Amino acid sequence: MLISRFAPSPTGLLHLGHAWSAVLAHNRARAAGGQFLLRIEDIDGDRCRPQFVEAIVADLRWLGLDFAEPFLLQSTRRPAHAAALRQLAEAGLTYPCFCTRADIAAVASAPHGVAPVYPGTCRALAQDVAAARAEREQHAIRLAVDRAVDRAGRLVWEDSLAGEVLAQPELTGDIVLARRDIGVGYMLAAVVDDGFQGVTDVVRGRDLFDSTHVQRLLQALLGLPVPRYHHHPLLLAADGRRLAKRDRSEALAALRARGVSGPGLADRLRREAPFGPDRVLQLDPV
Ligand code: GLU
């Protein structure tokens, strides 16, 4: 059975771009007689808010997108995330990292807007030194990507944006598997939970395309099935900027308050081609 999912983080109100992702994921499941799942990615307790979870549910209902109940709160999956982390550690594929953001920024240079690739400072620490420091200092856990790639070999995934893609996890470097503050990170949690939920089709914006390289690697290391990927273009604000959760005026909740029809909007989004360049969506006036 085809299983798709929509996996927002409740750190703000959803905008049109989220609605398009949700509509495309919902459609894919509906067309195949499959299931559409909602997963709330709320592992970051400091930034996530219950009122945004409620708003996400209200937005999906307003759009007319039914999802399987109960939906999954990712924060309930901590034991599984920890088990996956242990599995990778026991395979010798992780190391503790004591660097602060400032340390990394000082040595790594990155083009504007792109997260710097970690320069590997803590990978060079002797194992006993690192283990002793890890006893007393807060630290993140990183993936030793070169070792992981050696272990996993050549990997590909099927993407409706780019066809068969060769995974190149080196592009994002030694990513953080577990943040120092919350003990887990987006990449690991998403992969473990896609596996747990039996997701066969990941539909999301092309801004997450690059994450797929390392997610594909994690699937191989953890023995998880590989979904098909459908990365779609992004919707832009009228002035060409990327839509952002912090712009309340562009939120779905604001459209709803202005009297826009949710099912009407969902139909409009269904007519939009899910490939080609990023674009501004022309909505009919209400
Ligand atoms: N939680 C992520 C976000 O809101 C999306 C994760 C995914 O689709 O893989 O950007």
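Computed from a predicted model, the values in this text were never measured in an experiment.

(A) Main features of the overall build of the chain. Along its length, the chain carries 10 helices and 12 strands. On C-alpha atoms alone, the chain measures out to a radius of gyration of 20 Å, which is about the 19 Å that the 2.2 N^0.38 rule sets for 286 residues. Along the three orthogonal principal directions, the C-alpha set of the chain runs to about 65 × 40 × 35 Å. In the chain, buried positions account for 48% of the 286 residues. Taking all contacts inside the chain whose residues are at least 6 apart in sequence as the whole, residues at least 24 apart take part in 80%.

(B) Region of the structure containing the layout of surface pockets. There is about 310 Å³ of room inside the second largest pocket. Taken together, 17 residues line the second largest pocket, and the ones lying closest to its centre are Thr94, Tyr95, Pro96, Gln127 and Ala130. Looking at the lining of the second largest pocket, the element that brings in the most residues is helix α5 (residues 127–136), giving 4 residues. Of the residues contributing to the lining of the second largest pocket, the split by class is 11 nonpolar, 4 polar and 2 charged.

(C) A look at the site of the ligand. In the vicinity of the ligand, the contacting residues are Arg5, Ala7, Pro8, Ser9, Glu41, Tyr186, Arg204 and Leu208. Ser9 is positioned with one of its side-chain polar atoms (N or O) 3.1 Å from a nitrogen atom of the ligand. Here an oxygen atom of the ligand sits 2.8 Å away from a polar atom, N or O, in the side chain of Tyr186. Here the ligand, which alone exposes 300 Å², has 80% of that area covered by the protein. Among the residues forming the shell around the ligand, the class breakdown is 4 nonpolar, 1 polar and 3 charged.

(D) Representation of the side chain of Gln197 within the structure. One can find Gln197 in the loop between α7 (186–196) and β9 (201–205). Its relative accessible area of 13% is what places Gln197 among the buried residues. In this view, Gln197 contacts Ile3, Leu37, Leu38, Arg39 and Leu72; residues no more than four positions away in its chain are not counted.

(E) Molecular detail of the pattern of salt bridges. Per the counting criterion, the structure on display carries 19 salt bridges. For Asp194, the salt bridge is made with Arg39, and the minimal N-O distance between the two is 2.8 Å. Of this pair, Asp194 sits in helix α7 while Arg39 sits in strand β2 (residues 35–40); the two residues are 155 residues apart in sequence, bridging distant segments of the chain. The burial state of Asp194 is the same as that of Arg39; both residues are buried. The salt bridge involving Arg61 is made with Glu69; its shortest N-O contact spans 2.6 Å. Because the salt bridges share partners, they merge into one network encompassing Arg5, Arg39, Glu41 and Asp194.

(F) Spatial organisation of the packing of aromatic side chains. For the structure on display, the rule yields 3 aromatic pairs. Consider the rings of Trp157 and Phe209, whose centres lie 5.5 Å apart with planes at 55°: the pair is tilted. Within this pair, whereas Trp157 is found in strand β6 (residues 156–159), its partner Phe209 is found in helix α8 (residues 209–222), the two being separated by 52 residues in sequence. Exposure class is identical for Trp157 and Phe209. Each is buried. Ring geometry for Trp157 versus Tyr229: centroids 6.3 Å apart, planes at 70°, classification edge-to-face. Linking Trp157 in strand β6 with Tyr229 in strand β10 (residues 228–232), this pair joins segments that are 72 residues apart in sequence. Assigned by exposure class, Trp157 and Tyr229 land together as buried. Of the aromatic side chains, those joined through ring pairs into one cluster are Trp157, Phe209 and Tyr229. Stacked on the ring of Phe98, the Lys or Arg Arg133 has its end atom at 4.2 Å from the ring centre. Here the basic side chain of Arg142 rests over the ring of Tyr118, its NZ or CZ set 3.6 Å away from the ring centre.

Parameters at a glance
- Residues numbered from 1 in each chain as written.
- Predicted model: local features only at pLDDT ≥ 70, side-chain atom pairs only at ≥ 80, totals over all residues.
- Heavy atoms only, no water.
- Helix = DSSP H or I, 4+ residues; strand = E, 2+ residues; numbered from the N terminus.
- Rg over C-alpha atoms; globule rule 2.2 N^0.38 Å.
- Buried < 20%, exposed > 50% of the residue type's maximum accessible area, 1.4 Å probe, protein only.
- Contact = heavy atoms within 4.5 Å.
- 1 Å grid on protein atoms, 1.4 Å probe; cavity = no way out; pocket = protein on both sides within 12 Å on 5 of 7 lines; lining within 4 Å.
- Points joined across faces, edges and corners; volume = space filled by probe spheres on them.
- Nonpolar A, V, L, I, M, F, W, Y, C, P; charged D, E, K, R; others polar.
- Near = heavy atom within 4 Å.
- Polar contact = N/O pair within 3.5 Å; in protein donor to acceptor, adjacent residues only side chain to side chain.
- Areas by Shrake-Rupley, 256 points an atom, 1.4 Å probe, with all protein chains shown as cover.
- Salt bridge = Lys/Arg side-chain N within 4 Å of Asp/Glu carboxyl O.
- Phe/Tyr/Trp six-rings, centres within 6.5 Å; stacked < 30°, edge-to-face > 60°.
- Lys NZ or Arg CZ within 6 Å of the ring centre and 35° of its normal.

So far we have only geometry, and geometry alone does not tell us how the molecule works.
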